[in-house]
Amino acid sequence: MSNPTWTARTEHPLSLETFDALLSNRIPAIRIAGFATAEECAGFSAAVKAEPMKHYSVAKRIGYIGMAQYEYRWNTPKERYFEDVPTAQAALDSVINQAGWNPVERLIGRISRVTGKPVGPAQEPGLGRYFAGIVRSASEGVALHADYAPFNSPAYCIGQVDAQLGWNFFAEGLPSGGDTTIYNAPWSPVMTPGEIPKSYDLPRELIAHAPSFTYAPTPGDVVIFNTRNPHEIAGGPPVAGRDRISIGSFIGRMPDGSLGLWA
Ligand SMILES: O=C(O)CCC(=O)C(=O)O
Ligand SMILES: [Fe+2]
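Report on the accompanying structure.

What counts, and at which threshold
Residues numbered from 1 in each chain as written. Chains lettered and ligands numbered in written order. Predicted model: local features only at pLDDT ≥ 70, side-chain atom pairs only at ≥ 80, totals over all residues. Helix = DSSP H or I, 4+ residues; strand = E, 2+ residues; numbered from the N terminus. Rg over C-alpha atoms; globule rule 2.2 N^0.38 Å. Buried ≥ 20, exposed ≤ 12 C-beta atoms within 10 Å, placed from the backbone. Near = placed C-beta within 6 Å. Nonpolar A, V, L, I, M, F, W, Y, C, P; charged D, E, K, R; others polar. Expected span 1.5 Å × (residues − 1). Arc of directions from axis to C-beta. Pairing = 2+ DSSP bridges. Axes fitted to C-alpha atoms, helices over the stretch in contact; angles between N-to-C directions. Parallel < 35°, antiparallel > 145°, perpendicular 65-115°, else oblique. Left-handed = near helix turned anticlockwise from the far one by under 90°. Contact = placed C-beta atoms within 7 Å. Core = buried A, V, L, I, M, F, W, Y, C linked by C-beta atoms within 7 Å. Bend = angle between axes of the 7 residues up to and from the residue.

## Some words on the overall build of the protein
Point 1. Regarding its fold elements, the protein presents 5 helices and 16 strands.
Point 2. Scaling as 2.2 N^0.38, a compact globule of 263 residues should have a C-alpha radius of gyration of about 18 Å, and the protein matches this with 17 Å.
Point 3. With the C-alpha coordinates aligned to their principal axes, the bounding extent of the protein is approximately 45 × 40 × 40 Å.
Point 4. Counting every position in the protein, which comprises 263 residues, the buried fraction comes to 43%.

## Concerning unusual backbone geometry
Point 1. Phi at Asn 25 is positive, roughly 60 degrees, even though this residue is not glycine.
Point 2. Mapped onto the secondary structure, Asn 25 falls in the loop between helix 1 (16-23) and strand 2 (29-32).
Point 3. Even without a glycine there, the phi angle at Asp 201 is positive, about 60 degrees.
Point 4. Mapped onto the elements of the fold, Asp 201 is located in the loop between strand 11 (180-183) and strand 12 (212-215).

## Things to note about the site of ligand 1
Point 1. Around ligand 1 lies a shell formed by Val 142, Asp 147, Gly 166, Asn 168, Thr 180, Pro 217, Thr 227, His 231, Ile 233, Ser 246 and Gly 248.
Point 2. Among the secondary structure elements, those contributing two or more residues to the shell around ligand 1 are strand 10 (164-172), strand 14 (231-233) and strand 15 (245-253).
Point 3. Of the residues that constitute the shell around ligand 1, the class distribution is 3 nonpolar, 7 polar and 1 charged.

## Points about the environment of Trp 101
Point 1. Position of Trp 101 relative to the elements: it lies in the loop between helix 3 (78-99) and helix 4 (103-115).
Point 2. Accessibility expressed as a C-beta count within 10 Å gives 14 for Trp 101, which makes it partly exposed.
Point 3. With 34 residues separating them along the chain, Trp 101 and Val 135 place their C-alpha atoms 14 Å apart.

## Remarks on helix 4
Point 1. Between its first and last C-alpha, helix 4 extends 18 Å over 13 residues, near the 18 Å set by a 1.5 Å rise per residue.
Point 2. All of the buried residues along helix 4 are Pro 103, Val 104, Leu 107, Ile 108, Ile 111 and Thr 115. Mapping the buried residues of helix 4 onto a view down its axis gives an arc of 135 degrees, with all of them on the same face. Pointing more than 90 degrees away from the buried face of helix 4 are the exposed residues Glu 105, Gly 109 and Arg 113.

## Some details on the sheet that holds strand 11
Point 1. Spatially, 4 strands are ordered 9-14-11-12 in an open sheet, and the strand pairing comes out antiparallel. Edge strands, defined here as strands with exactly one partner in the open sheet, are strand 9 (142-145) and strand 12. Going from strand to strand, the sheet's axes swing by 15 degrees on average, the running direction of each strand aside.
Point 2. Across 3 bridges, the pairing between strand 11 and strand 14 is antiparallel. Bridge pairing in strand 14 places Thr 180 opposite Ile 233.

## Details of the packing of helix 2 (residues 38-49) against helix 3
Point 1. It is the contact of helix 2 with helix 3, at a shortest axis distance of 8 Å, that shows an interaxial angle of 140 degrees. One finds that helix 2 runs oblique with respect to helix 3. As for how helix 2 packs across helix 3, the hand of that crossing is right-handed. Within the contact between the two elements, helix 2 uses Gly 43, Phe 44, Ala 47 and Val 48 and helix 3 uses Val 95, Gln 98 and Ala 99.

## Side note on the nonpolar core
Point 1. Membership of the largest hydrophobic core comes to 69 residues, with the highest contact counts inside it found for Leu 22, Leu 165, Ile 224 and Trp 262.
Point 2. Ignoring any residue separated from it by four or fewer positions in sequence, one finds Ile 224 in contact with Leu 22, Ala 29, Ile 30, Leu 165, Gly 166 and Trp 167.

## Looking at helix 3
Point 1. In a regular helix each residue adds 1.5 Å, so 22 residues correspond to 32 Å; helix 3 covers 32 Å between its end C-alpha atoms and thus fits that length.
Point 2. Val 85 marks where helix 3 bends most, by close to 35 degrees; the proline Pro 86 follows one to four residues later.
Point 3. Listed in full, the buried residues belonging to helix 3 are Tyr 81, Val 85, Ala 88, Leu 92, Val 95 and Ala 99.
Point 4. Looking at the buried side of helix 3, the elements it contacts are helix 2, strand 4 (63-65), strand 7 (128-129) and strand 8 (134-137).
Point 5. Two residues or fewer after helix 3 comes Gly 100, characterised by a positive phi angle close to 85 degrees.

Right, here's the structure in full:
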């Protein structure tokens, strides 16, 4: 994963070959076009807008429903994360029930059919399952960051993955803006024992001269990419009633070859 290895700067459809290529960072992204119908997108967006959103404490306003494991990585006992999973799941279930369809289950079905591997929420021995399927409203964009549990969350079993992807289903988009750019410069921070490196708002030196790839968050589609590569989301001019609404999770390759999901 240390050398830039993309063979082509294009999106690929989902297959066993492209999934393996994404895990080993040989292609920038996979797009599952037409993952949901326009009606399903509208139903999902309406369900999201009817539920209360929480907000991360970062400069760009990012709304979410559910929970993100990396919010627990600093100074929180591990048990706390697993105690909070049922509440986050209840909030997501409420959206899914109103929407009338479940993007997480559909995605799991697609990935398991194509790979033939066990796919499902990651499980922490003795503590329980992870939460997978965070809903986000990121119309103001998201700063440059990387997501890789071996560095972000070394004390959790997801820290044992040897490759990490992220999938997002896009239910609603902005009239303009909202694209995501991925830089082929796999994150390899200097690790200090007992310290978790900063992964958000990364210095741009890390991506200087790196090949980049930009995708559009087209409503109805799922896009999957290797989240160890630094990535950022461009905001768009605000338009009343329009939001960049997505739901997604990470997909990690566990030591036994199964694919574990968490958000
Ligand atoms: O919404 C997107 O396009 C990407 C979100 C993201 O940062 C991730 O999935 O890791
Ligand atoms: Fe990310």
